[in-house]
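As a plain string of letters, each chain reads:
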Amino acid sequence: MPPVLSFKSILKREAKDSSIFTFAIYLPVAVNFFLIPFYWQKLTPTDFGIIAIVEIITVYISIFSGLKLEESVKRFYYEWDVDSRKENITTLWIIQWGSNVVFGLLALAIVYLSHDFFFPDVAFKYFILGLISYTLETLFVLPTTLVRVQKRPVLFSVISLTKSFLLIGFNIYFILILQWGLTGFFIANLIGHGIIAVLGLSIMISVFTWKFNYKELKVAFRFSLPLIPTLAIASISKTVDKILLQKFVSTEALGLFSQALKISGLINKLYQAIKTSYVPFLYKFIFEDKRNEVVFRMSKFYLAPLFIASFSLFVFADEIIIWIDRPAYLEIIQYLPYLIFIELISSIVIFYAPGIGIAKKNELLVIPTTVNSLITIIGGFVLIPFLQLYGIIILRLLLTISNLIIRIILSLKVYDMKYDWQALFFYLFTYIALSLTGSFLSFQNLLYNLLFGAGLVFIQLCFIGIYLVINKSSGYTER
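Since we're looking at a predicted model, the values are computed, not measured. (Residues numbered from 1 in each chain as written. Predicted model: local features only at pLDDT ≥ 70, side-chain atom pairs only at ≥ 80, totals over all residues. Heavy atoms only, no water.)

**Section: the overall build of the chain**
Line of reasoning, step 1. In terms of helices and strands, the chain carries 19 helices and zero strands.
Line of reasoning, step 2. Computed over the C-alpha atoms, the radius of gyration of the chain is 23 Å, within 12% of the 23 Å expected from 2.2 N^0.38 for a compact globule of 479 residues.
Line of reasoning, step 3. Taken over the C-alpha atoms alone, the chain extends approximately 60 × 55 × 45 Å along its principal axes.
Line of reasoning, step 4. When each of the 479 residues of the chain is scored for burial, the buried share is 54%.
Line of reasoning, step 5. Pairs at least 24 apart in sequence give 84% of the contacts found in the chain among residues at least 6 apart.
Line of reasoning, step 6. Taken as a whole, the chain presents about 21,800 Å² of accessible surface, with 69% of it coming from carbon and sulfur.
Line of reasoning, step 7. Side-chain charges of the chain comprise 39 positive and 28 negative groups, with the mean position of each set lying 7 Å from the other. (Helix = DSSP H or I, 4+ residues; strand = E, 2+ residues; numbered from the N terminus. Rg over C-alpha atoms; globule rule 2.2 N^0.38 Å. Buried < 20%, exposed > 50% of the residue type's maximum accessible area, 1.4 Å probe, protein only. Contact = heavy atoms within 4.5 Å. Areas by Shrake-Rupley, 256 points an atom, 1.4 Å probe, with all protein chains shown as cover. Lys, Arg positive; Asp, Glu negative; His and termini not counted. Charge placed at Lys NZ, Arg CZ, Asp CG, Glu CD.)

Written as structure tokens, this is what we have:
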């Protein structure tokens, strides 16, 4: 039997792993954020609108690419016998790799036949470059998933940073140095993802075997394929609002909104970094600790950085945009507080509604995604033509809240698990109270605003730090 660890040992280990994962994901994010002023000098809001349109197409491709078999690796890795892991992973990887190529070529053919009707203002060459780049990127998905599940943070950091800085380097070269503009963006990503695909192949060499496990493939399909209808419906929620914005307003407005989403998406990047460590931890301890006390106790520690980062971005993002001094992009400031809050609420789902995945009931995800798609279609046609960007914000807030509520209800029904609601409500109260304070009190001087914002962030850190110290043992009985 594995040794029984104290909670202190578990906390120390998870904090170390999470820190490495977060560093690996967030360092390039920080570099890209620093490069925003330079990209805004070379690319217009309309350029970013075209990039957003190509990304909409990749959302639909992602429904089928890889058949979502990486999700089976996440879910079953610790249930597989050690001796069978290599052949199981090889089997899933080969099937996923083949499906990525097939669906990538199919998508390219469909876009070729239809892009003049749906997006006549976007040159077809951008779709070609974008779709090939995306197909190459998908070949890297399962190798990185494997490294994450194996809890190898150092290796993950190396490959993640290599991927990120390759892309950053090529973007700097083609956009800022050669000044190729929008074409440079797509070429940079194509070359970068081509090299990354080769890196993914090199990772898989260590686990590749000529043995195949078709029995396990059937099990994996039963788990992953039900995700596809859900993703198909979810793609409507992700894209319809952007399509309507482009149709009823302009490609430039879509570009501004996409840049606001990129900035608020820093919270989603942190969430993905934390999730990288949390999900393997969850699946490991949920079966070892039947009373759920380790997971219960750890959730507040995983959740705290998300609230701290969200509030910090809320406080400083507008000052940074003002400092960049690009009038064409100043409009973003008025949308960021709402988008940051929406990203924060979205990140709560994994901590308070994991039961569907644990119980292997992925088919239930079709319920919240169907509801969200109906809200998107109906609300999009009602809100966006009249309220434009604010209409999208209202729509996304409705989607986020409805998704969270429905998934919590379903999670509680299919898997009996206790959650630390007290921590969530305390974090939310602190965030909202300090955000309102920051909104009502502002100064004309940029330096004073920065100092005042830093003071508010410090207060939040103190509140959360004191709460964690006081409630460190809440709900947990040491084994």
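**A closer look at the pattern of salt bridges**
Oppositely charged side chains are able to pair whenever their charged atoms sit close together.
Line of reasoning, step 1. Counting across every chain of the model gives three salt bridges.
Line of reasoning, step 2. A salt bridge links Lys-262 to Glu-55, with the nearest nitrogen and oxygen atoms 3.4 Å apart. In this pair, Lys-262 sits in helix H11 (residues 251-288) while Glu-55 sits in helix H2 (residues 45-61), placing the two residues 207 residues apart along the sequence.
Line of reasoning, step 3. The partner of Lys-300 in a salt bridge is Asp-420, with the nearest N and O atoms 3.0 Å apart. (Salt bridge = Lys/Arg side-chain N within 4 Å of Asp/Glu carboxyl O.)

**Comments concerning the side chain of Gln-96**
Line of reasoning, step 1. For Gln-96, the position within the fold is in helix H4 (residues 85-118).
Line of reasoning, step 2. Those residues in contact with Gln-96 that lie beyond four places of it in its chain are Gly-66, Leu-69, Glu-70 and Leu-142.

**Details of the layout of surface pockets**
Line of reasoning, step 1. The computed volume of the largest pocket comes to approximately 560 Å³.
Line of reasoning, step 2. Contributing to the lining of the largest pocket are 20 residues, with Ile-57, Tyr-60, Val-111, Ser-114 and Phe-119 lying nearest its centre.
Line of reasoning, step 3. The leading source of residues in the lining of the largest pocket is H4, at eight residues.
Line of reasoning, step 4. Counted by class, the lining of the largest pocket contains 15 nonpolar, three polar and two charged residues. (1 Å grid on protein atoms, 1.4 Å probe; cavity = no way out; pocket = protein on both sides within 12 Å on 5 of 7 lines; lining within 4 Å. Points joined across faces, edges and corners; volume = space filled by probe spheres on them. Nonpolar A, V, L, I, M, F, W, Y, C, P; charged D, E, K, R; others polar.)

**Some points on the side chain of His-193**
Line of reasoning, step 1. Following the sequence through the fold, His-193 ends up in helix H8 (residues 181-204).
Line of reasoning, step 2. In contact with His-193, not counting residues within four places along its chain, are Ser-133, Leu-136, Glu-137 and Leu-167.

**Considerations on the packing of aromatic side chains**
Line of reasoning, step 1. All told, the structure shown has 24 aromatic pairs when counted by the stated rule.
Line of reasoning, step 2. Ring geometry for Tyr-335 versus Tyr-390: centroids 5.2 Å apart, planes at 65 degrees, classification edge-to-face. Taken together, the residues span a long stretch of sequence, with Tyr-335 in the loop between helix H12 (293-324) and helix H13 (336-346) and Tyr-390 in helix H17 (residues 389-414) at a distance of 55 residues.
Line of reasoning, step 3. Consider the rings of Trp-421 and Phe-425, whose centres lie 6.5 Å apart with planes at 25 degrees: the pair is stacked. Here Trp-421 and its partner Phe-425 are both found in helix H18 (residues 421-440), four residues apart, which amounts to about one turn of the helix. (Phe/Tyr/Trp six-rings, centres within 6.5 Å; stacked < 30°, edge-to-face > 60°.)

**Here we look at helix H9 (residues 214-224)**
Line of reasoning, step 1. Residues of H9 that are buried: Glu-216, Leu-217, Ala-220, Phe-223 and Ser-224. Along the axis of H9, the buried residues cluster in a sector spanning 120 degrees; they form a single face. Across from the buried face of H9, at angles greater than 90 degrees, the exposed residues are Tyr-214, Lys-215, Lys-218 and Arg-222. (Arc of directions from axis to C-beta.)

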